[in-house]
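Structural description and commentary
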Amino acid sequence: MDIKMEPSWKRALAGEFDQPYFMDLTKFVRADYQHTKVYPPPKQIFSAFDHCPFDKVKVVIIGQDPYHGSGQANGLCFSVADHVAIPPSLQNIYKEIHADVGLPIPTTGNLEHWADQGVLLLNATLTVRANQAGSHQGKGWEQFTDAVIKILSDQKSGLVFLLWGNYAKQKGAIIDRSKHHVLTAAHPSPFSANTGFFGCKHFSQTNTLLRAMGKEPIAWTPA
C-alpha cells in the first residue's frame, strides 16, 4: 500500500508512517488486496484526506467501517459511490437534514461535496474485506485514525466534531473540548435513529457555529 495522500495531511501525519504498527498495517492491507476482495478501491483509501486538506478542515464526522458491499465504499464515512443505492444510515442523515434545514433529499449518496467544503468524513478503519464487516478492525487503522483526531485537536482550534453513536463518542474522547465544539447524538442507523439522532439538529447547529467563527457554512446538499 503506497502512502499517496494529500500533501498537507502527509506532512501532518509524517510521524505515523514509520511507526512499527503502521508498517505492520501496510503489510497486512497490501496482502489482503492481493489475495481477496477489499474495499474501497486502493486509490480511494485516503479519499477523506484527499478531498479535505488539513488546513481546510472545519467539521469532522467519525464513522466506523467502510461499507463492505460491492461498489459501495468510496473512502468517505457514510458515503457511497455515485449510482449506488443510498444505505439506510445515510437515508436517515438526509431525513434529518431535510427536517432540520429544509433542504431536499438528494438522489446521490456520494458525499464528496461535503468533503470538498471542509468536512472530514473519517472512518475509524479505512479498509474492509468484501462482505465481512469489521474484518480489518484491530490491525492498526484505529491507532492511525486516533492520531488523526489528536493532531486535529492539538494543532487546530474551532473545529466542529459530530459524534454519532457510542463508538464515535468513545473515539472522540481525546478531543480537547476547550478548543473545539463537540456535538453528540445517537447513531443514524435504523436501529438507533429514533433514540436521539432524529431531532438532533446537528446540521443547523454546525452552520450556526461556523458562521459565529466567521467561517463559510456547509451546503449540506448538492447545488
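Anything mentioned here points back to the structure above.
These numbers were taken from a predicted model, which means no experiment stands behind them.

1. Let's talk about the nonpolar core
Core analysis: the biggest nonpolar cluster contains 63 residues, and W9, F49, I61, W114, L120, F144 and L152 have the highest contact counts within it. In terms of residue count, the dominant contributor to this core is helix α7 (residues 141-155) (six residues). The contact partners of L152, leaving out residues within four places of it in the chain, are W9, F54, V57, V60, L120, L159, F161 and H180.

2. Side note on unusual backbone geometry
With an omega of -5°, the peptide bond between Y39 and P40 qualifies as cis. Tracing the backbone shows P40 in the loop between β1 (38-39) and α4 (47-51). A positive phi angle is found at F78, which is not glycine, with a value near 70°. When you line up the elements, F78 lands in the loop between β2 (59-63) and α5 (88-101). Judged by relative accessible area, which is 10%, F78 ranks as buried. In the Ramachandran plot, K201 falls in the positive-phi region, its phi being about 55° despite a non-glycine side chain. Within the secondary structure layout, K201 lies in the loop between β6 (181-185) and α9 (202-212). Classification of K201 as partly exposed rests on a relative accessible area of 41%.

3. Comments concerning the pattern of salt bridges
The tally for this structure, following the rule as stated, stands at three salt bridges. In this structure, the salt-bridge partner of D32 is R129, at a minimum N-O distance of 2.6 Å. Placement of the pair is D32 in helix α3 (residues 20-35) and R129 in strand β4 (residues 128-129), with a sequence separation of 97 residues. On the basis of relative accessible area, D32 is assigned to the buried category, the value being 10%. D154 is the salt-bridge partner of K150, the closest N and O atoms lying 2.7 Å from each other. Remark: D154 and K150 occur in helix α7; sequence separation between them is four residues, near one turn of the helix. Residue classification places D154 among the partly exposed positions, given a relative accessible area of 44%.

4. Concerning the pairing of strand β5 (residues 160-164)
Of all five residues that make up β5, five are buried, and the element is covered over most of its length. On β5, burial covers both faces: V160, L162 and W164 on one face and F161 and L163 on the other are all buried. Summarising the sheet, β5 and β6 pair through five bridges and their orientation is parallel. The residue bridging V160 from the neighbouring strand is H181, located in β6. Of the crossover connections in this fold, the one passing from β5 over helix α8 (residues 165-171) to the parallel β6 is right-handed.

Rules used in this analysis
Residues numbered from 1 in each chain as written. Predicted model: local features only at pLDDT ≥ 70, side-chain atom pairs only at ≥ 80, totals over all residues. Heavy atoms only, no water. Core = buried A, V, L, I, M, F, W, Y, C linked by side-chain atoms within 4.5 Å. Buried < 20%, exposed > 50% of the residue type's maximum accessible area, 1.4 Å probe, protein only. Helix = DSSP H or I, 4+ residues; strand = E, 2+ residues; numbered from the N terminus. Contact = heavy atoms within 4.5 Å. Salt bridge = Lys/Arg side-chain N within 4 Å of Asp/Glu carboxyl O. Pairing = 2+ DSSP bridges. Right-handed = clockwise from strand over helix to strand, strands pointing away.

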